[in-house]
Amino acid sequence: MSTNGSERDAPFIRLENFSLSFPVLHGSARSLKKSLLKSVKRSVGRGMGHQVGGAVHGDDVLLVQALDHVSFEAGPGERIGLIGHNGAGKSTLLRALAGIYESSVGSLTLHGETHALLDPMAGMNRDLTGRENIRLFARYNDLERVHAVALERDVESFAGLGAFIDLPVRLYSSGMAVRLGFALATAPRPQILLMDEWFLAGDQHFQDKAEARLTDLVAHADIMIVTSHSMPILRRWCTRILWMEHGRVRMDGPASIVIDTYLDAVAGETPAPAPAEERTKGNGSDGQDRLTSS
Ligand SMILES: Nc1ncnc2c1ncn2[C@@H]1O[C@H](COP(=O)(O)OP(=O)(O)OP(=O)(O)O)[C@@H](O)[C@H]1O
């Protein structure tokens, strides 16, 4: 794997046959492993509604295959949404791109300053006040005084917490904590922006404000990758969708086409594209359906 975040020229992401599995049980728990394998086997073939999790395999060590030979490239201007069933591998893929998970199987080349919005409370000290957390963030990011003051004003005004900004974060409701975490996390202006769907939390008024701020953030980012179960949001935000299924990219193409195909498959109205091994004429040797937007 190679990453490079030091230069401000055209960013890109290239993932080639990237695989990642989590060891979850060892040989001493064979009976539990067998029952888990049995239940996974039972669920396979029941249709989209029952699909959950990555493939499970292994003898002495039970492995959950979270990502299975994932390949794609992304360049400037691309706003990519990740969709798929629970456990399809969307969050794992985001975390791999963020450098949280590494793998020796396949390769990841990522060029550009990257910022990941994965957890609204990341780096937040709950015993400190909102304002103290903002100052901590500024110090951690080595901001000059003038920028630190601007950050504090910006985050305080955006979060709209009133007097709560000077109370400890542990007293905040989850929505209030998200407001502060979101305001802080969206302060940097990265070239590559990775977002988990938590940013959609909060009341409708906050979502509208959040969307306006994200629009600005995205306008500054060259590449955005977001995971969400909200199709309206993905239709609005994304130009391209990767449909993940059991750790693989099932379909990759323009947002409206992939979302429509996915929804049809979920509803069982039309058959989903056949897996690679069932196709006689595939679009690629790696089992991915690719569509072009032109
Ligand atoms: N830390 C972990 N340890 C063990 N297994 C994990 C871990 N993280 C993820 N997995 C497994 O990897 C697979 C993919 O999980 P992931 O969280 O990427 O799915 P997802 O598509 O984001 O799902 P959801 O839509 O439910 O958030 C799942 O089978 C999950 O159980």
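Since we're looking at a predicted model, the values are computed, not measured.

Quick look at the overall build of the protein chain
1) Next: What the protein chain contains, in helices and strands, is eight helices and 12 strands.
2) Next: Looking at the 294 residues of the protein chain, the share that counts as buried comes to 44%.
3) Next: Only carbon and sulfur atoms are counted for the fraction: they give 52% of the accessible area of the protein chain, which is about 14800 Å².

Concerning the packing of helix 4 (residues 145–159) against helix 5 (residues 174–185)
When two helices pack together, their arrangement is captured by the angle between the axes and the distance separating the axes.
1) Next: At their nearest, the axes of helix 4 and helix 5 sit 9 Å apart, and the two run at 140° to each other. Here helix 4 is positioned oblique relative to helix 5, judged by the angle of their axes. Crossing handedness for the pair helix 4 and helix 5: right-handed. Between helix 4, through Leu 151, Val 155, Phe 158 and Ala 159, and helix 5, the contact on the second element is made entirely by Arg 179, Leu 180, Phe 182, Ala 183 and Leu 184.
2) Next: Class assignment of the residues belonging to the contact of helix 4 with helix 5 gives a composition of eight nonpolar, no polar and one charged.

Re the site of the ligand
1) Next: Of all residues adjacent to the ligand, which total 15 residues, the nearest are Asn 86, Gly 87, Lys 90, Thr 92 and His 229.
2) Next: At a separation of 2.5 Å, an oxygen atom of the ligand approaches a polar side-chain atom of Thr 92.
3) Next: Between the ligand and the protein, one listed contact pairs an oxygen atom with a side-chain N or O atom of His 229 at 2.8 Å.
4) Next: The set of elements that each furnish at least two residues to the shell around the ligand consists of strand 2 (12–25), strand 4 (62–74) and helix 2 (90–97).
5) Next: Take the shell around the ligand: its biggest share by element is three residues, from helix 2.
6) Next: Class assignment of the residues belonging to the shell around the ligand gives a composition of five nonpolar, nine polar and one charged.

Some points on the pattern of salt bridges
1) Next: Per the counting criterion, the structure on display carries 14 salt bridges.
2) Next: A salt bridge links Arg 135 to Glu 152; the nearest nitrogen and oxygen atoms lie 2.8 Å apart. Of this pair, Arg 135 sits in helix 3 (residues 130–140) while Glu 152 sits in helix 4, and the two are 17 residues apart along the sequence.
3) Next: Under the relative-accessibility criterion, Arg 135 is labelled partly exposed at 43%.
4) Next: Salt-bridge contacts for Glu 245 lead to Arg 250; the nearest nitrogen and oxygen are separated by 2.5 Å. Each member of the pair, Glu 245 together with Arg 250, is buried.
5) Next: Each of the salt bridges in this network shares a partner with another, and the network as a whole consists of Arg 131, Arg 135, Glu 152, Glu 156 and Asp 166.

A short note on unusual backbone geometry
1) Next: Of note, the phi angle at His 69 is positive, near 55°, even though the residue is not glycine.
2) Next: Positive phi, close to 50°, is recorded for His 246, a residue that is not glycine.
3) Next: Looking at the secondary structure, you find His 246 in the loop between strand 10 (240–245) and strand 11 (248–254).

A closer look at the nonpolar core
1) Next: Within the largest apolar cluster, 46 residues are counted, with the highest numbers of intra-cluster contacts made by Ile 83, Leu 180, Leu 193, Met 224, Leu 234 and Ile 241.
2) Next: Considering every element that reaches this core, the biggest residue donor is helix 5, with eight residues.
3) Next: When residues are assigned to domains, this core turns out to be shared by domain 1 (2–113 + 231–290) and domain 2 (114–189), each giving three or more.
4) Next: The residues touching Leu 234, leaving out its near neighbours within four places in the chain, are Gly 81, Ile 83, Val 226, Ser 228, Ile 241 and Ile 259.
5) Next: Counting 25 residues, the second largest nonpolar core, distinct from the first, contains Phe 18, Ala 88, Ile 223 and Val 249.

Regarding the side chain of Asp 68
1) Next: Mapped onto the fold, Asp 68 is located in strand 4.
2) Next: The class for Asp 68 is buried, based on a relative accessible area of 15%.
3) Next: One polar contact links Asp 68 to Arg 248, side chain to side chain, over a distance of 3.0 Å.
4) Next: Those residues in contact with Asp 68 that sit more than four places away from it in its chain are Phe 18, Ser 19, His 246, Gly 247 and Arg 248.

Points about a nonpolar patch on the surface
1) Next: Together, Phe 164, Leu 167 and Leu 171 give the surface a local cluster of nonpolar side chains, amounting to about 240 Å² of exposed area.
2) Next: A residue is classified by how much of its surface remains accessible, and Phe 164, at 35% relative accessible area, is partly exposed.

A short note on helix 3
1) Next: Gly 130, Arg 131, Asn 133, Ile 134, Phe 137 and Ala 138 are the residues of helix 3 that are buried. Summarising the axial view, the buried residues of helix 3 lie within an arc of 160°, below the 170-degree limit, and thus occupy one face. Exposed residues pointing more than 90 degrees away from the buried face of helix 3 are listed as Arg 139 and Tyr 140.

So, the confidence of the model for the protein chain
1) Next: Per-residue confidence for the protein chain gives a mean pLDDT of 80, with 74% of residues at or over 70.
2) Next: Of all helices and strands in the protein chain, the one with the weakest mean pLDDT is strand 1 (residues 2–4) (44), whereas strand 10 scores best (97).
3) Next: Residue range residues 276–287 is modelled with pLDDT below 50. Its contacts to residues more than four positions away, or to other chains, number 14 contacts.

Calculation rules
In this convention, every chain numbers its residues from 1, walking through the sequence in written order. In keeping with the predicted nature of the model, local features appear solely for residues at pLDDT of at least 70, side-chain atom pairs appear and are counted solely at 80 or more, and the whole-chain, interface and lining totals rest on all residues. Side-chain numbers come from the whole structure's heavy atoms, not from hydrogens or water. Helix and strand assignments come from DSSP, with helices taken as H or I runs of at least 4 residues and strands as E runs of at least 2, each series counted from the N terminus. Buried residues are those whose accessible area, probed at 1.4 Å on protein chains only, stays under 20% of the maximum for their type, while exposed residues exceed 50% and partly exposed ones sit between those limits. For accessible areas, the Shrake-Rupley method is used with a probe of radius 1.4 Å. Any residue's cover is judged against the shown protein chains and nothing else. The axes are straight lines fitted to the C-alpha atoms, using for helices just the contacting stretch, and the angles between their N-to-C directions are given from 0 to 180°. Under this scheme an angle from 65 to 115 degrees is roughly perpendicular, one under 35 degrees roughly parallel, and one over 145 degrees roughly antiparallel; angles in between are oblique. Crossings are assigned a handedness: left-handed for a near helix turned anticlockwise from the far helix by less than a right angle, right-handed for a clockwise turn. In this analysis, two residues are considered to be in contact whenever any of their non-hydrogen atoms come within 4.5 Å of each other. For this scheme, ten residues count as nonpolar: Ala, Val, Leu, Ile, Met, Phe, Trp, Tyr, Cys and Pro. Four count as charged, namely Asp, Glu, Lys and Arg, and the remainder, Gly too, count as polar. For each residue, the test is whether any non-hydrogen atom lies within 4 Å of the molecule or strand; if one does, the residue is near. A 3.5 Å cut-off defines polar contacts: any pair of N or O atoms within that distance qualifies, except that in protein one atom must be a possible hydrogen donor and the other a possible acceptor, and neighbouring residues in sequence count only when both atoms are side-chain atoms. When a carboxyl oxygen of Asp or Glu lies within 4 Å of a side-chain nitrogen of Lys or Arg, that pair is called a salt bridge. Among buried residues, the Ala, Val, Leu, Ile, Met, Phe, Trp, Tyr and Cys ones that are joined through side-chain atoms within 4.5 Å form a nonpolar core. As used throughout, domain bounds are those supplied by an automatic or database domain assignment. Each patch groups residues whose relative accessible area exceeds 30% and which form no salt bridge, using 9 Å between like charges and 5 Å between nonpolar side chains of Val, Leu, Ile, Met, Phe, Trp and Tyr. The arc in question is traced by the directions running from the helix axis to the C-beta atoms. Residue-level confidence of the predictor, termed pLDDT, takes values from 0 up to 100.

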